[in-house]
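What the coordinates show
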Amino acid sequence: MASNSIHNQELQDQSPGDGDQHGRHGGHITSPLLRRPSPEITRDREAAEEWEENSPVEQVALTVPVGDDPSTRVLTFRMWVLGAASCAALSFLNAFFGYRKEPLTVTAVSAQIAVLPAGRLMAAALPDRVFFRGRPWEFTLNPGPFNVKEHVLITIFANAGAGTVFGANVVTSLRVFYGQHMSFFVALLIIFTSQVLGFGWAGIFRRYLVEPAAMWWPSNLVQVSIFRALHEKEPRRKGSLTRNQFFLVAFICSFAYYIFPGYLFQMLTSLSWICWMFPNSVIAQQLGSGLHGLGIGAIGLDWSSISSYLGSPLASPWFATANIAAGFFIVMYIITPINYWFNVYNARNFPVYSDGLYTVTGQKYNISSIMDSQFHFDTNAYEKNGALYISTFFAFSYGLGFACLTATISHVLLFHGSEIWQLSKSAFQEKKMDIHTKLMRRYKQVPEWWFICILVASVAITIFTCEYYIEQLQLPWWGVLLACAIAIFYTLPIGIIKATSNQAPGLNIITEYIMGYLYPGRPIANICFKVYGYAGPCQALEFLQDFKLGHYMKIPPRTMFMAQVAGTLIAGFVYLGTTWWLMATIPDMCNTELLPADSPWTCPYDHVFYDASVIWGLIGPRRIFGDLGTYSAVNWFFLGGAIAPLLVWFAHKAFPAQKWLLHVNVPVLIGATSLMPPGTAVNYTTWILIAFLSGHVVYKRRRDWWERHNYLLSGALDAGLAFMAVLLYLCLGLENKTLNWWGNDLDGCPLASCPTAKGITVHGCPVHN
């Protein structure tokens, strides 16, 4: 591996310093590229050929090693023990922290660090005796020193536990919000079927989203950097730290610092200083609140808040950051204020930013009053209670979701259509491969029929589950097949966006919309349909991202496949077990009306999930966004999303000299606020600032520092935060030890959620006359 480090250092020495060269793939810019070395720089023909084989993506070429040792042992006893343990641990922690007010995602980086000393200890302590010597099943508990490939496979195992288990949202909605009985076995079937469906899509689209060099999956470079720092020997330069030392220092600082936003001074999550200046002004607090308003001037000094929805800002490519920033500022600071102050859809009767469900007078809507005993929609009760309203921001966020879906298809066809056609005709084998794909060709690939068998079996079990438990789940067999059809249609275009920008448009809105029209009045059927149509592609992208990590680190594909399957099964069981335990032991969990004011168990993700089931499943899109609803004009966003990429494409053809046009990624721009709610303004403003500093300022002006430290810093911040968060809960949370002072008053903007319309009376808010 040391030679790889030297080779990459040579690449760095030859790379341009101005950072303004950009590569194209399929006619569309995906990321900055390395320049071809000039004759003066190139030492010989062999070096030039080696350069040509390296990844055309500069970040990859500067980060990922290009060597491989196929004799390295991967499938070892240590890998299975540490992989299963880390997968179970991350599943428990992410299920546990996912229900809290500021959801914390404990990434696989934490396990990546924790297992290293454990692996080396096992290598030193376990006996090296060989069992069944000379037979096909010969094995040893200790094949030698703990190696990087074992470490990578353990991390891929752990990634299964770090991912989201979408089926758990169905379980929480049914048991907590709808109060319906559900057995553990039925819940387990929902979790397993929704998780495993993604394997089928992943297998089908591997050749499109893993092998091409332009599909570079930016977030993987964080883990690659950490692997190299932990396993490569590097001499310390005078006056500087090695990468390993830098990582350790950053980890300790992150660990120590999180005690402030995590316990002692929680207001660091959102410092909304405008609210402090105007403590009695509703309008000022609506403008300044980072958690319940527009977040003007709000800043967050809490890494869990910064990275909780958009991921690490240090792993975001600059062009994606610019698109997200533009989309956020347009929606949050132009569209939302205009709509609110001009009272579009009675906007001033409700909070400026909210995911709540309201009556026309701004009161919380009583959902239970419009359902019968079978959880079906009661038309007479709805007409008596009046129409359901949502905040104008929430309504337009749905509209942007509509636009993002059509924009994704349009964008991919325009900018990647020719490449997809070539790959479909099996022309990929004839094209020039980068060094990573060439090295991976020496290993046996996973046969496609393995994925197809898993897909067919999981679809069959899903249909059986939904039909046998039709009274609980409400979803008929044809709904399962339709969900699968939507998933397979959208996985490729969404995968291309994710693999090049680190952002993925979601399918949740289109699945809710379609099922709401086809099968109205059945909220549970709607959420089940959403999980199968939405979780499948999301899981597929998780598997494909892991495949790309293994691709970079030269892990045999079949071994990787086994670890992913085992990890998925372990993660599903542990995640559900944790959810079940929390629901049984925490009184009034997720019920914000009954929970104490300082309770962390507010379940923000599940509230949005439940609200969507009411809007789309119970009441139905026709009474919300259709001819019987208030928000029918929002459907025009479908057309706008389809046209927008076409305008950018025409602009690029008309003005080819304007290179910045190639950076405009319409699905990412439109979908910038797709995670709001539950994401908040301060999550975005601070994320954008840090991503700008890392991806543009440091990357352009201090390329050497960025190459050595950027991804390491991201991993260290994640890991330090995670370990301190767990320690705080074990030492203080279990004992209900809290600090009640003004510094722990999150946001400090109590009036930000108040309406401003005249005559609207809401508890705790001033009345405007």
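Because the structure is a prediction, the values reported are computed rather than measured. (Residues numbered from 1 in each chain as written. Predicted model: local features only at pLDDT ≥ 70, side-chain atom pairs only at ≥ 80, totals over all residues. Heavy atoms only, no water.)

Observations regarding the overall build of the protein
In terms of regular secondary structure, the protein is built from 31 helices and six strands. With 769 residues in all, the protein has 60% of them scored as buried. A separation of at least 24 residues holds for 79% of the contacts in the protein among residues at least 6 apart in sequence. (Helix = DSSP H or I, 4+ residues; strand = E, 2+ residues; numbered from the N terminus. Buried < 20%, exposed > 50% of the residue type's maximum accessible area, 1.4 Å probe, protein only. Contact = heavy atoms within 4.5 Å.)

Some remarks on a nonpolar patch on the surface
A cluster of nonpolar side chains, Tyr257, Phe260, Leu264, Leu301, Leu739, Trp741 and Trp742, forms an exposed patch at the surface whose accessible area comes to about 660 Å². Mapped onto the elements, tyrosine 257 comes out in helix α11 (residues 243–257). Given the relative accessible area of 34%, tyrosine 257 is considered partly exposed. (Patch = residues over 30% accessible without salt bridge, like charges linked within 9 Å, V, L, I, M, F, W, Y side chains within 5 Å. Areas by Shrake-Rupley, 256 points an atom, 1.4 Å probe, with all protein chains shown as cover. Salt bridge = Lys/Arg side-chain N within 4 Å of Asp/Glu carboxyl O.)

With respect to the pattern of salt bridges
Within the structure shown, the criterion is met by eight salt bridges. Where lysine 530 meets glutamate 512, a salt bridge forms, and the shortest distance between an N and an O atom there is 2.7 Å. With a gap of 18 residues between them, lysine 530 in helix α24 (residues 523–553) and glutamate 512 in helix α23 (residues 508–518) connect regions that are remote in the sequence. On the accessibility criterion, glutamate 512 (2% relative accessible area) is buried. Between arginine 702 and aspartate 704 there is a salt bridge; the shortest N-O distance is 3.7 Å. One network of salt bridges, with partners in common, ties together Asp68, Lys149 and Arg442.

Digging into the nonpolar core
Leu388 and Ile615 are the most contacted members of the largest nonpolar core, which has 212 residues in total. The element contributing the most residues to this core is α24, with 17 residues. Leaving out residues up to four positions away in the same chain, isoleucine 615 has contacts with Leu357, Leu388, Ile390, Phe394, Tyr398, Gly620, Pro621, Ile624 and Phe625. (Core = buried A, V, L, I, M, F, W, Y, C linked by side-chain atoms within 4.5 Å.)

What to know about the side chain of threonine 462
Relative to the helices and strands, threonine 462 is located in helix α20 (residues 448–468). Accessibility expressed as a relative area gives 0% for threonine 462, which makes it buried.

Observations regarding the state of the cysteines
Applying the stated rule across the entire model yields three disulfides. With its bonded cysteines labelled in order along the sequence, the protein shows the pairing 1-4, 2-3, 5-6. (Disulfide = S-S within 2.5 Å.)

Notes on helix α7 (residues 167–177)
A large share of α7 lies buried, amounting to nine of its 11 residues. Within the span of α7, buried status applies to Gly167, Ala168, Asn169, Val170, Val171, Thr172, Ser173, Leu174 and Phe177. Glycine 179, located one to two residues past α7, shows a positive phi value of around 65°.

Examining the side chain of glutamine 474
Within the secondary structure, glutamine 474 is located in the loop between α21 (470–473) and α22 (477–501). A relative accessible area of 5% means that glutamine 474 is categorised as buried. In this structure the side chain of glutamine 474 is engaged in a polar contact, spanning 3.2 Å, whose partner is the backbone nitrogen of isoleucine 524. (Polar contact = N/O pair within 3.5 Å; in protein donor to acceptor, adjacent residues only side chain to side chain.)

Description of empty space enclosed by the protein
Going through the model one piece at a time under the given rule, you end up with three cavities of 30 Å³ or more. Counted as a void, the second largest cavity has a volume near 100 Å³. Forming the boundary of the second largest cavity are 13 residues, of which Asn159, Ala160, Gln539, Glu542 and Phe543 lie nearest the centre. Every element with two or more residues in the lining of the second largest cavity is listed here: α6 (148–162), α24 and α25 (557–585). Partitioning the lining of the second largest cavity into residue classes produces four nonpolar, seven polar and two charged. (1 Å grid on protein atoms, 1.4 Å probe; cavity = no way out; pocket = protein on both sides within 12 Å on 5 of 7 lines; lining within 4 Å. Points joined across faces, edges and corners; volume = space filled by probe spheres on them. Nonpolar A, V, L, I, M, F, W, Y, C, P; charged D, E, K, R; others polar.)

Observations concerning the packing of aromatic side chains
For any pair of aromatic rings, the description rests on two quantities: the centre-to-centre distance and the angle between the ring planes. Here the structure, examined in full by the defined rule, presents 56 aromatic pairs. Each ring, one from phenylalanine 184 and one from tryptophan 580, has its centre 5.4 Å from the other, and the planes form 85°; the classification is edge-to-face. In this pair, phenylalanine 184 sits in helix α8 (residues 184–204) while tryptophan 580 sits in helix α25, placing the two residues 396 residues apart along the sequence. A centroid spacing of 5.7 Å and a plane angle of 85° characterise the contact between tryptophan 478 and tyrosine 519, whose relative ring orientation is edge-to-face. With a gap of 41 residues between them, tryptophan 478 in helix α22 and tyrosine 519 in the loop between α23 and α24 connect regions that are remote in the sequence. Tryptophan 478 gets classed as partly exposed once you look at its relative accessible area, which sits at 31%. Taking NZ or CZ as reference, arginine 522 lies 4.2 Å from the ring centre of tyrosine 519, over its face. Above the ring of tyrosine 699, the side-chain terminus of arginine 703 is found at 4.1 Å from the ring centroid. (Phe/Tyr/Trp six-rings, centres within 6.5 Å; stacked < 30°, edge-to-face > 60°. Lys NZ or Arg CZ within 6 Å of the ring centre and 35° of its normal.)

Things to note about α6
Here α6 is 15 residues long and its end C-alpha atoms lie 20 Å apart, about the 21 Å a rise of 1.5 Å per residue gives. Residue asparagine 147 occupies the N-cap position of α6, its side-chain oxygen lying 3.0 Å from the main-chain nitrogen of lysine 149. (Expected span 1.5 Å × (residues − 1).)

Observations regarding the packing of helix α16 (residues 318–341) against helix α30 (residues 681–701)
For any two helices packed against each other, the geometry is given by the interaxial angle and the distance between the axes. Orientation of α16 relative to α30, taken along the N-to-C sense of each, is 150°, at an axis distance of 10 Å. Of the possible angle classes, the one that applies to α16 and α30 is roughly antiparallel. When the axes of α16 and α30 are compared, the crossing they make is left-handed. Residues Trp318, Thr321, Ile324, Ala325, Phe328, Phe329, Met332 and Tyr333 of α16 form the contact with α30, whose own contacting residues are Ala681, Tyr684, Thr685, Trp687, Ile688, Ala691, Phe692, Gly695 and His696. Class assignment of the residues belonging to the contact of α16 with α30 gives a composition of 13 nonpolar, four polar and no charged. (Axes fitted to C-alpha atoms, helices over the stretch in contact; angles between N-to-C directions. Parallel < 35°, antiparallel > 145°, perpendicular 65-115°, else oblique. Left-handed = near helix turned anticlockwise from the far one by under 90°.)

A closer look at the environment of cysteine 749
Mapped onto the fold, cysteine 749 is located in the segment after α31 (703–733). Apart from residues no more than four positions distant in its own chain, cysteine 749 is found in contact with Ser272, Cys275, Gln285 and Ser289.

Regarding the packing of helix α10 (residues 220–231) against α24
Orientation of α10 relative to α24, taken along the N-to-C sense of each, is 35°, at an axis distance of 10 Å. As α10 packs across α24, the resulting crossing turns out to be right-handed. Contacts between α10 and α24 involve Asn220, Leu221, Gln223, Val224 and Phe227 from the first element and Gln545, Lys548, Leu549, Tyr552 and Met553 from the second. Here the contact of α10 with α24 is built from residues that sort into six nonpolar, three polar and one charged.

Some remarks on the environment of tyrosine 443
With respect to the helices and strands, the residue tyrosine 443 is situated in the loop between α19 (435–440) and α20. Under the relative-accessibility criterion, tyrosine 443 is labelled buried at 12%. Considered as a pair, tyrosine 443 and arginine 558 are 115 residues apart in the sequence and their alpha carbons are 8.6 Å apart. Apart from residues lying up to four places away in sequence, tyrosine 443 is in contact with Asp68, Asp69, Pro70, Lys149, Lys554, Pro556 and Pro557. At a separation of 2.7 Å, a polar atom in the side chain of tyrosine 443 contacts the side chain of aspartate 68.

Focus on unusual backbone geometry
The omega angle of the peptide bond from methionine 676 to proline 677 is -25°, so this bond is cis rather than trans. Inspection of the secondary structure puts proline 677 in the loop between α29 (666–670) and α30. A positive phi angle, close to 75°, is found at cysteine 590, a residue other than glycine. Note on placement: cysteine 590 falls in the loop between α25 and α26 (604–619). On the basis of relative accessibility, which here comes to 0%, the residue cysteine 590 falls in the buried class.

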